[in-house]
Amino acid sequence: MEHQDGTFNSHLTEMKGIDVQEIVNTSAVERFKNIKRSRKTLSTQDYVAGIRRGDISILSQAITLVESSLPEHKNIAQEIIQGCLPYSGNSIRIGITGVPGAGKSTFIESFGVIATAAGHKLAVLAIDPSSERTQGSILGDKTRMEQLSIDPNAYIRPSPSAGSLGGVARKTRETIVLCEAAGFDVIFIETVGVGQSETAVHSMVDFFLLLMLAGAGDQLQGIKRGIMEMADSIAITKADGANEHKASMASAEYRSALQLFPKPASGMKPEVFVCSAIENKGLQVIFEHIKDYIAACKSNGFYEAKRKEQASYWLYETIDEQLHYDFFNNPAVAQSLKQFEKDVVNGKMTSFAAAFALLDLYKISD
C-alpha cells in the first residue's frame, strides 16, 4: 500500500517466530534410557536382592533370562538361580491339569483367589511346549483371569515359547526356584492340554490335581487312565445347574475306579471332589484337603523323599537335554546329518549304523 510520502507498507511483514514445543517427552525418554541402563548393569547380586525383596519387575527379567536360549543369558540365569536356591523350597507346589473343556482357567482363578484371601502369595506358571503352534491357553488366561491379574498377592507368568518338552519343563522348574525366593508360598503349575506334559508337571509338584468333566465320553478313557494314576486327587468341575446331578454321579464312578489302582507311595488315598468355580462351591474344601495332604506327607517322610527324587530326576533330564542340544548343534553333525538321513531312507545304510557314525563324528569334533 502506497502512502502520500511515496513509501510502501507491505502486508507481508516479518512475524516473530513461534516457540515450538518438543513433541517428545524427554523425561519419559530419559526414564526409558535409565531402565535400559539398569537392565544392562544389573549384577547377579542385584537380581537376587531384587527377587528377595519381591520386586516383580526384576523377577520377570530374571525369568526371561531363564527362558532365553542365548549362551550369555544362560550363564547369568544359572548364577541367579544358584543365588536364590537357599531361599527356595518353601512353597506348596500344586500341579493342575484337566481334559479339554474342564474349565482350567476359571478354576485356577477362583482357586487362586481362595489362596490369596487366606494370606498366601500365589504364582501361576504353565508348561506348554507348543504354544506358538497351538496358541496355548495360558497366554490368553492372563487377560481372562481378571481378579488374579490385579491381585497384588498373585503373579501370572505366561508359558515359555515353543520348544522341547524337556526344555520348557526345566525352565518352569527353575522359575519355581525364583518365585519361591521372591516369597510366593503357593505355586500353581498348569499344563496346557492333555499329553506328555502331565508327566513333566508331576515330576516337579507336591500335589497333582486332575480336573474332570461329568460325562466326558469314552474316547477319553485311555487318556484318563494314565493321568488318573498320577493324580493325588480328582475334581469334577462345572457342578452347577443342570450338570450338578451328573457331576455327583461321575464322582461316585471315579471313586470306584480309584479303588482298582495300587496304593500310592504317599500312603494317601486319592479323593474325588465335586466343585463349581463359577459358584465358588467346593473349592475351599479342595484347598484344605491339599494342605492336609502336604502336612501328612511331611509327617510320614514322603514329602522330603519326593523332593529329593525330583531333584535327581531333573539332574538326568537336564543332562539328556543338553547332550541333545550339543549334538544337533555340532557343526560336523549338522553338515553330515542330511546325507546320512538320505542314505538311511534310500536303504544304503541302516538307521543304527548311521546313528553310530554320527555319534563318532560328534565325539571326534567335540
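Structure shown above.
Note that this is a predicted model, so its numbers are computed, not measured.

### Regarding the overall build of the protein
Part 1: Counting its regular elements, the protein contains 16 helices and seven strands.
Part 2: Put simply, the protein has 366 residues, and 42% of those count as buried.
Part 3: When contacts within the protein are restricted to residue pairs at least 6 apart in sequence, long-range pairs at least 24 apart make up 76% of them.

### Details of the packing of aromatic side chains
Part 1: For the structure on display, the rule yields eight aromatic pairs.
Part 2: Of the aromatic side chains, those joined through ring pairs into one cluster are Phe107, Phe111, Phe188 and Phe287.
Part 3: When the ring centre of Tyr325 is taken as reference, the NZ or CZ atom of Lys74 above it lies at 4.6 Å.
Part 4: For the cation-ring pair, Lys121 lies above Phe184, with the distance from its terminal atom to the ring centre recorded as 4.6 Å.

### Points about the nonpolar core
Part 1: Within the largest apolar cluster, 85 residues are counted, with the highest numbers of intra-cluster contacts made by Ile51, Phe107, Leu178, Phe188, Ile234, Ile236 and Ile286.
Part 2: If near-sequence neighbours (up to four positions away) are discounted, Ile286 is found in contact with Phe107, Phe111, Leu209, Ala235, Phe273 and Cys275.
Part 3: Ranked by size, the runner-up nonpolar core spans six residues in total, among them Val333, Phe340, Ala354 and Tyr362.

### Regarding the pattern of salt bridges
Part 1: According to the stated counting rule, one finds twelve salt bridges in the structure shown.
Part 2: Where Arg93 meets Glu180, a salt bridge forms, and the shortest distance between an N and an O atom there is 2.8 Å. Of this pair, Arg93 sits in strand E1 (residues 92–98) while Glu180 is found in helix H9 (residues 165–181), placing the two residues 87 residues apart along the sequence. With respect to class, Arg93 is no different from Glu180; both count as buried.
Part 3: Here Arg307 and Asp206 are joined by a salt bridge, their closest N and O atoms 2.8 Å apart. Of this pair, Arg307 sits in helix H14 (residues 302–328) while Asp206 sits in the loop between helix H10 (197–202) and strand E5 (207–212), placing them 101 residues apart in sequence. The same class applies to Arg307 and to Asp206, which are both buried.
Part 4: What you see here is one network of salt bridges that share partners, running through Arg170, Glu174 and Glu321.

### Describing unusual backbone geometry
Phi is mostly negative for residues that are not glycine, and the peptide bonds are mostly trans.
Part 1: Positioned with a positive phi, Lys238 is a non-glycine residue whose angle comes to about 60°.
Part 2: Of note in this structure, Asn280 is not a glycine but carries a positive phi near 55°.
Part 3: As for its position among the elements, Asn280 is in the loop between strand E7 (271–274) and helix H13 (283–300).
Part 4: We classify Asn280 as partly exposed; its relative accessible area is 48%.

### Topic: the sheet that holds strand E6 (residues 233–236)
Part 1: The strand order E3-E2-E4-E1-E5-E6-E7 describes an open sheet built from seven strands, whose pairing is parallel. Sheet topology places strand E3 (154–156) and E7 at the edges, where each strand pairs with a single neighbour. When the angles between neighbouring strand axes are averaged without regard to direction, this sheet yields 20°.
Part 2: As paired strands, strand E2 (residues 122–127) and E3 are joined by three bridges and run parallel to one another. The residue bridging Leu122 from the neighbouring strand is Ala154, located in E3.
Part 3: The strands touched by helix H12 (residues 244–258) are E5, E6 and E7; relative to E7, the strand with the most contacts, the crossing angle is about 175°.

### So, the pairing of E2
Part 1: Judged by how many residues are buried, E2 sits mostly within the fold: six of six residues are covered.
Part 2: By the alternation rule, side chains of E2 split into Leu122, Val124 and Ala126 and Ala123, Leu125 and Ile127, which are all buried.
Part 3: Summarising the sheet, E2 and strand E4 (residues 186–191) pair through six bridges and their orientation is parallel. Residue pairing in the sheet places Ile127 in a bridge with Thr191 of E4.

### Notes on the side chain of Asp232
Part 1: Position of Asp232 among the secondary structure elements: in the loop between helix H11 (221–230) and E6.
Part 2: The side chain of Asp232 is buried and forms no salt bridge, while Lys306, the nearest opposite charge, is found at 4.3 Å.
Part 3: A distance of 3.1 Å separates the side chain of Asp232 from the side chain of Tyr293, its partner in a polar contact.
Part 4: With residues near it in sequence (within four places) discarded, Asp232 still touches Asp206, Phe207, Phe208, Pro270, Glu271, Tyr293 and Lys306.

Rules and cut-offs
- Residues numbered from 1 in each chain as written.
- Predicted model: local features only at pLDDT ≥ 70, side-chain atom pairs only at ≥ 80, totals over all residues.
- Heavy atoms only, no water.
- Helix = DSSP H or I, 4+ residues; strand = E, 2+ residues; numbered from the N terminus.
- Buried < 20%, exposed > 50% of the residue type's maximum accessible area, 1.4 Å probe, protein only.
- Contact = heavy atoms within 4.5 Å.
- Phe/Tyr/Trp six-rings, centres within 6.5 Å; stacked < 30°, edge-to-face > 60°.
- Lys NZ or Arg CZ within 6 Å of the ring centre and 35° of its normal.
- Core = buried A, V, L, I, M, F, W, Y, C linked by side-chain atoms within 4.5 Å.
- Salt bridge = Lys/Arg side-chain N within 4 Å of Asp/Glu carboxyl O.
- Pairing = 2+ DSSP bridges.
- Axes fitted to C-alpha atoms, helices over the stretch in contact; angles between N-to-C directions.
- Lys, Arg positive; Asp, Glu negative; His and termini not counted.
- Polar contact = N/O pair within 3.5 Å; in protein donor to acceptor, adjacent residues only side chain to side chain.

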